[in-house]
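Below, each chain spelled out in residue letters.
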Amino acid sequence: MGGDDDRTPLKGKVAVVVGGAGNPVGRGAIAGLLHQGAEVIVPAKSEEKLQKLMKLNMAESERVHGIVANIMHEDDAIKLRDFIHEKFGRLDHVVSALGKHWQKGITTDQSLEEFQQCFTNLCGKHFVAAKALLPYLSGKKAVKEGDVSEKDFNAAAVEDSDRSYILLTGKAGEVCTVPETGLYSVGSAGLHGLALALRAEAHTLSDRGLELKRQRENGNKMGMEFTSRIRFLEVRVGVRVVSEEEVNRAIPSMVGEEALGNVFAAMAAHPSHTADIVRFDSRHDIAAFVKSISAHVNLPFGHKHYLM
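Everything quoted here is computed from the prediction, not taken from an experiment.

Cut-offs and rules
- Residues numbered from 1 in each chain as written.
- Predicted model: local features only at pLDDT ≥ 70, side-chain atom pairs only at ≥ 80, totals over all residues.
- Heavy atoms only, no water.
- Salt bridge = Lys/Arg side-chain N within 4 Å of Asp/Glu carboxyl O.
- Helix = DSSP H or I, 4+ residues; strand = E, 2+ residues; numbered from the N terminus.
- Buried < 20%, exposed > 50% of the residue type's maximum accessible area, 1.4 Å probe, protein only.
- Pairing = 2+ DSSP bridges.
- Polar contact = N/O pair within 3.5 Å; in protein donor to acceptor, adjacent residues only side chain to side chain.
- Contact = heavy atoms within 4.5 Å.
- Axes fitted to C-alpha atoms, helices over the stretch in contact; angles between N-to-C directions.

Participant: Any chance you could break down the pattern of salt bridges for me, citing the residues and the numbers?
Facilitator: Tallied over the entire structure, the rule returns 12 salt bridges. Of the charged contacts in the structure, one is a salt bridge between Arg163 and Asp92, with a shortest N-O distance of 3.2 Å. Remark: Asp92 occurs in the loop between helix H4 (74-87) and strand S4 (93-96) and Arg163 occurs in strand S5 (residues 163-170); sequence separation between them is 71 residues. Of the two residues, Arg163 and Asp92, neither departs from the other in class, the shared state being buried. Of the charged contacts in the structure, one is a salt bridge between Glu174 and Arg279, with a shortest N-O distance of 2.7 Å. Within this pair, whereas Glu174 is found in the loop between S5 and helix H7 (182-217), its partner Arg279 is found in strand S9 (residues 277-280), the two being separated by 105 residues in sequence. Assessed through its relative accessible area of 35%, Glu174 is described here as partly exposed.

Participant: Can you lay out the pairing of S5 for me, pointing to particular residues and giving the numbers?
Facilitator: In terms of burial, S5 is a largely internal element, eight of the eight residues being buried. Along S5, one buried face is formed by Arg163, Tyr165, Leu167 and Thr169 and the opposite face, lined by Ser164, Ile166, Leu168 and Gly170, is buried too. When S4 meets S5, the two strands line up parallel, connected through four bridges. Residue pairing in the sheet places Val95 in a bridge with Ile166 of S5. For S5 and strand S6 (residues 230-237), the ladder comprises eight bridges, and the chain directions are parallel. If you follow Gly170 over to S6, its bridge partner there is Val237.

Participant: Describe the side chain of His65, naming the residues involved and giving the relevant values.
Facilitator: Tracing the backbone shows His65 in strand S3 (residues 64-68). Among the residues examined, His65 registers a relative accessible area of 11% and is labelled buried. Side-chain polar atoms of His65 contact the side chain of Glu39, separated by 2.6 Å. Not counting residues within four places of it along the chain, the set of residues in contact with His65 comprises Glu39, Val40, Ile41, Val42, Met54, Phe83, Lys87 and Phe88.

Participant: I'd like a description of the sheet that holds strand S2 (residues 39-44), backed by residues and values.
Facilitator: Pairing is parallel across the open sheet formed by seven strands, whose spatial order is S3-S2-S1-S4-S5-S6-S9. In the strand order of this sheet, the two ends are held by S3 and S9, each with one partner. Taken pair by pair, the neighbouring strands of this sheet meet at an average axis angle of 15°, ignoring direction. In terms of strand pairing, strand S1 (residues 14-18) meets S2 through three bridges, oriented parallel. Across the sheet, residue Val14 finds its bridge partner in S2, namely Glu39. Those strands touched by helix H5 (residues 112-137) are S1, S4, S5 and S6, and its axis lies near 165° from that of S5.

Participant: Requested: an account of the environment of Phe88, with residues and values cited.
Facilitator: With respect to the element layout, Phe88 can be found in the loop between H4 and S4. Between the alpha carbons of Phe88 and Val14 there is a distance of 7.6 Å; along the sequence they are 74 residues apart.

Here it is in structure tokens:
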């Protein structure tokens, strides 16, 4: 191998980053995916947020495709999926970096409304995104003969190559050590459970789709579905993530958005070289991961950058 494909392994691939317009990690993931050559789709709650995002990625803005959509609402999630289908007819990689920190007091002092809101913020958003995007990522169309033309079906079909769904979670679902963050741990634990279910079902989608593909090749056109192998990857971060500016003047335990974003890009470029759950409890863990995967994917920085 050699040439441009080695430097941009995601060239021609389509990725969506949910949460990319609203938090540092998502913005870092966008930068990393662009560096790998991907077309990147980003939903945002407002046109203003989209414009700010475009300015941050001005040099590669022709490969950033924004849409105003609030991923918390199922109708908007479907709107995002339809936008991807109409513009590209395919989806190769998803990065889901949603949710906000919560620190409002001890658990039993909270109302049921606060509990539900916190859980929805941390887990519900990921559920809505996965519900809309994971079946489409698999190539699953669930159509019968005559519903679509052979030409349209073939255009929507995907080649046999790994695709990835990368979900950002946190260590708060395992331990609750920060005062007054009990509901944050509850929501984070729920997110771990959601990741567990989606990972198992991603394999089911892949296996079911491949079987239907074989049936179709044998002349059974009633099951017009096609899928590639999906890798559902979870990045479990147990170290604080901040902006690059803060990292440059802060303590070494912090991780910069650009560094973590490029880790997502590396995972998307070569999901087969990545464990199902990648844990980062320190910046040294991130540096070690980058060093191990650097033989397979070109990153904009050497692994020492991730130690700052």
